[in-house]
Amino acid sequence: MHPTTRLIAACFIGLAAQGVQAQESYGPTAEETRMLPPYCGGPGGGDWKAILGPEIGFNNHTCYGINFLNRYYRAKTSWQKKNYLQNALGDFTYSVDKLSPGFKLMPEILYYRGLTYRLMGREAEAMGDFLKSIQLDPKYSKSVAELADLYERKLANPKKALELVTEGLRHNPASRELRRRYDRLGGKQPYPEPYAVPAAPDTPKSAPVPTPTPAQEAPAAPARSAAEPPPPATATEHPAGTSPQPASPGSPTNPWCRFCPDPTPAPGPAPSTPAAPPKAAP
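Conventions adopted
Residues numbered from 1 in each chain as written. Predicted model: local features only at pLDDT ≥ 70, side-chain atom pairs only at ≥ 80, totals over all residues. Heavy atoms only, no water. Helix = DSSP H or I, 4+ residues; strand = E, 2+ residues; numbered from the N terminus. Buried < 20%, exposed > 50% of the residue type's maximum accessible area, 1.4 Å probe, protein only. Contact = heavy atoms within 4.5 Å. Areas by Shrake-Rupley, 256 points an atom, 1.4 Å probe, with all protein chains shown as cover. Salt bridge = Lys/Arg side-chain N within 4 Å of Asp/Glu carboxyl O. Expected span 1.5 Å × (residues − 1). Disulfide = S-S within 2.5 Å. Phe/Tyr/Trp six-rings, centres within 6.5 Å; stacked < 30°, edge-to-face > 60°. Axes fitted to C-alpha atoms, helices over the stretch in contact; angles between N-to-C directions. Parallel < 35°, antiparallel > 145°, perpendicular 65-115°, else oblique. Left-handed = near helix turned anticlockwise from the far one by under 90°. Nonpolar A, V, L, I, M, F, W, Y, C, P; charged D, E, K, R; others polar.

Within the protein, the regular secondary structure consists of 10 helices and zero strands. Along the protein, helices (α) and strands (β) appear in the sequence α-α-α-α-α-α-α-α-α-α when read from the amino end. Across the 282 residues in the protein, those meeting the buried criterion constitute 29%. Contacts spanning at least 24 positions in sequence make up 50% of the contacts within the protein whose residues lie at least 6 apart. Surface accessibility of the protein: about 19,300 Å² in total, with carbon and sulfur atoms responsible for 60%.

This is the structure:
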C-alpha cells in the first residue's frame, strides 16, 4: 500500500475511534456498573453513605476512574487506551485532592492511581502512590504486590521486593498474591510469622456494692425520751485535728453538779479549773 494511502486510512480509523468515544457516556452505564465495586453501585450494595461518611459525594470520581480503567483493558486501539488512562488519572487525582487522608478508601484510591501511573509508564509516580497506600494501610496487599513487582522488574532489586512481600505477609498472612510472590522470590518456608493482633482492653467493671447481712447491720440506736440528756460526744464526732470543746456546766454525764468535772472526759487538753465563786458579804 502506498504511504499516502496508509496515512489516509489511519486518519479515518482515528476519526472513527473518536466517533465511538464521543458516543460513550462519561459515567458508567448500567452494564458497566455491574463490574464496579459495591461502593460504586456494583454487586454487594450497602448503606455506603453511613459507612464512608459525608465525603462519599466526592468519591464518585473514584468510580469513574475505575470504570475508565476497565474500558482501557477492553480498548482495541492505542489511542483509546491512552485516552482512557488520561481520564482515569484525572478522576483519581480529583478524589485524592478532595478527600481527606483519613478517608476509609484512600489506600484503595492511591492504589488505583498508582496502577494508572504504571500503565502510563510513569513508574516513579506509581511507586510513590503505592508507598503512600501501604503507609495508610499495611494490610492492603494489592499495593504491596505492585510495589514489589516494580522493585523486582523495573529496578532489578529482588531482595528489596522480597523484604516488601515479607513485611506484607506479616500484616496480611492470608494474601494469596503475596504468597505467590514470596515463593517466586525465593522466600523460605514456613511463611513469615504474622504480627500479633493487639487484644482489646478489658472494660473496667465497677465493684458491686455488698449487701450487708443481718449480722453486719449496725444496731439501731435505743429510743430516748425528750427529757433524757443527749449521749456524750465521741471522738469521731469532732473534725480531724481539732479538740473537743470543754463541757458546759451540767455535763451530759453529770448534769446535777455545775462545777464537777466529767468523770469520763473526751480526749484533749484538760479544761481549766473554774474560779471559785465570790464569797457573800457578811
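After that view of the structure, there is still more to cover.
Now for the environment of Gly41. Its place among the elements puts Gly41 in the loop between helix H2 (30-33) and helix H3 (48-52). Sequence-wise, Gly41 and Cys63 are 22 residues apart; in three dimensions their C-alpha atoms are separated by 9.0 Å.

Evaluation of the coordinates by the stated rule reveals 10 salt bridges. In this structure, Glu32 and Arg71 form a salt bridge, with 2.9 Å as the shortest nitrogen-oxygen distance. Here Glu32, found in helix H2, pairs with Arg71, found in helix H4 (residues 60-74); they are 39 residues apart in sequence, far enough to count as distant. On the basis of relative accessibility, which here comes to 11%, the residue Glu32 falls in the buried class.

Okay, the side chain of Asp129 next. Looking at the secondary structure, you find Asp129 in helix H7 (residues 123-136). Note on Asp129: relative accessible area 2%, which makes it buried. In this structure, Asp129 is in contact with Leu110, Arg113, Gly114 and Tyr117, ignoring residues within four places of it in sequence.

Attention now moves to helix H5 (residues 78-98). Its 21 residues give H5 an end-to-end C-alpha distance of 30 Å, which sits within 8% of 30 Å, the value for a rise of 1.5 Å per residue. Within the span of H5, buried status applies to Gln80, Tyr84, Leu85, Ala88, Leu89, Asp91, Phe92, Ser95 and Val96.

As a further point, take the state of the cysteines. Between two cysteines, a covalent bond joining their sulfur atoms is known as a disulfide. Here the structure, examined in full by the defined rule, presents one disulfide. For Cys40, the disulfide goes to Cys63, at an S-S distance of 2.0 Å. Residues Cys40 and Cys63 share a disulfide whose torsion about the S-S bond is about -90°; that sign makes it left-handed. With Cys40 in the loop between H2 and H3 and Cys63 in helix H4, this pair connects stretches of sequence that are 23 residues apart.

Moving on, we come to the packing of aromatic side chains. Evaluated as defined, the whole model comprises 10 aromatic pairs. An angle of 85° between the planes, with centres 5.6 Å apart, marks the rings of Tyr26 and Tyr64 as edge-to-face. With a gap of 38 residues between them, Tyr26 in the loop between helix H1 (3-23) and H2 and Tyr64 in helix H4 connect regions that are remote in the sequence. Given the relative accessible area of 42%, Tyr26 is considered partly exposed. Given the relative accessible area of 23%, Tyr64 is considered partly exposed.

Time to look at H4. If you check H4, its first and last C-alpha atoms are 21 Å apart, about what 15 residues at 1.5 Å a residue would give, namely 21 Å. Looking only at H4, the buried set comprises His61, Thr62, Cys63, Gly65, Ile66, Asn67, Phe68, Leu69, Arg71 and Tyr72. Looking at the buried positions of H4, the neighbouring elements they touch are H2, H5 and helix H6 (106-119).

The subject of this paragraph is the packing of H5 against H6. Describing two packed helices takes the angle between their axes plus the distance from one axis to the other. For the pair H5 and H6, the least separation of the axes is 9 Å and the interaxial angle reads 150°. As summarised for this structure, H5 and H6 are arranged roughly antiparallel, according to the angle between their axes. Crossing geometry of H5 relative to H6 is assigned as left-handed. Within the contact between the two elements, H5 uses Leu85, Ala88, Leu89, Phe92, Thr93, Ser95 and Val96 and H6 uses Met106, Ile109, Leu110, Tyr112, Arg113, Thr116, Tyr117 and Leu119.

With that out of the way, let us pick up unusual backbone geometry. Going from Gln189 to Pro190, the amide bond is cis rather than trans, its omega being 0°. Tracing the backbone shows Pro190 in the segment after helix H10 (176-184).

So, about the packing of helix H8 (residues 141-154) against helix H9 (residues 158-171). Contact geometry of H8 with H9 gives a least axis separation of 7 Å together with a crossing angle of 165°. One finds that H8 runs roughly antiparallel with respect to H9. You can see that H8 and H9 cross each other, and the crossing is left-handed. Between H8 and H9, the residues in contact are Val144, Leu147, Ala148, Tyr151 and Glu152 and Pro158, Lys160, Ala161, Leu164, Val165 and Gly168, respectively. Of the residues assigned to the contact of H8 with H9, the class counts are eight nonpolar, one polar and two charged.

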